[in-house]
Amino acid sequence: MPAVVIEEKCIGCKQCVFTCPEASTIIFNQEKNIVEINIERCKSCGLCVEVCPTDALVLSLLVG
Ligand code: SF4
Ligand code: SF4
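It should be emphasised that the depicted structure is a prediction, and the values quoted were computed from it without experimental measurement. (Residues numbered from 1 in each chain as written. Chains lettered and ligands numbered in written order. Predicted model: local features only at pLDDT ≥ 70, side-chain atom pairs only at ≥ 80, totals over all residues.)

Caption draft 1: Layout of the environment of Glu50. Counting through the fold element by element, Glu50 comes out in helix α2 (residues 47-51). Given 11 C-beta atoms within 10 Å, Glu50 falls into the exposed group. Through-space distance from the C-alpha of Glu50 to that of Gln15 is 10.0 Å; in sequence the pair is 35 residues apart. (Helix = DSSP H or I, 4+ residues; strand = E, 2+ residues; numbered from the N terminus. Buried ≥ 20, exposed ≤ 12 C-beta atoms within 10 Å, placed from the backbone.)

If you want it as structure tokens, here you go:
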């Protein structure tokens, strides 16, 4: 199950970007001030879910 972003909860702090061990998987969208996840690259390790301060990330089959 790849990580997905609950956009309403993301505050753009980028903690997840710094934590994700897979390069270019979590991408910061400067315009929207949220992150986006390339689910093709996500290895479902769950590290980003753990560091997110606002619970904006979940491992889920529901994408989008
Ligand atoms: S679950 Fe792991 S690989 Fe996937 S986006 Fe989060 S930190 Fe990166
Ligand atoms: S750690 Fe959470 S709040 Fe911070 S940028 Fe990532 S998803 Fe958004």
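Caption draft 2: Spatial organisation of the pairing of strand β3 (residues 34-37). Side chains of β3 alternate between two faces, with Val35 and Ile37 buried and Ile34 and Glu36 left unburied. Relative to β3, strand β2 (residues 26-29) runs antiparallel, the two sharing four bridges. The residue of β3 that forms the bridge with Asn29 is Ile34. What sits between β2 and β3 in their antiparallel hairpin is a turn of four residues, with Asn33 showing a positive phi close to 55°. (Pairing = 2+ DSSP bridges.)

Caption draft 3: Spatial organisation of the site of ligand 1. The environment of ligand 1 is made up of 14 residues, and the closest members are Ala3, Cys20, Cys42, Cys45 and Cys48. In terms of residue class, the shell around ligand 1 is made up of eight nonpolar, four polar and two charged. (Near = placed C-beta within 6 Å. Nonpolar A, V, L, I, M, F, W, Y, C, P; charged D, E, K, R; others polar.)

Caption draft 4: The arrangement of the nonpolar core in detail. Counting twelve residues, the largest nonpolar core is built from Ala3, Val4, Cys10, Cys16, Cys20, Ile26, Val35, Ile37, Cys48, Cys52, Ala56 and Leu57. Within the residue set of this core, elements represented by two or more residues are β1 (3-5) and β3. (Core = buried A, V, L, I, M, F, W, Y, C linked by C-beta atoms within 7 Å.)

Caption draft 5: Region of interest: the site of ligand 2. Taken together, 14 residues are adjacent to ligand 2, and Cys10, Cys13, Gln15, Cys16 and Cys52 come closest. Tallied by class, the residues present in the shell around ligand 2 amount to ten nonpolar, three polar and one charged.

Caption draft 6: Region of the structure containing unusual backbone geometry. The backbone phi angle of Asn33 is positive, close to 55°, even though this residue is not glycine. In this structure, Asn33 sits in the loop between β2 and β3. A count of 11 C-beta atoms within 10 Å places Asn33 in the exposed class. Of note, the phi angle at Ser44 is positive, near 60°, even though the residue is not glycine. On the secondary structure map, Ser44 appears in the loop between β3 and α2.

These results come straight from atomic positions and should not be treated as a statement about function.
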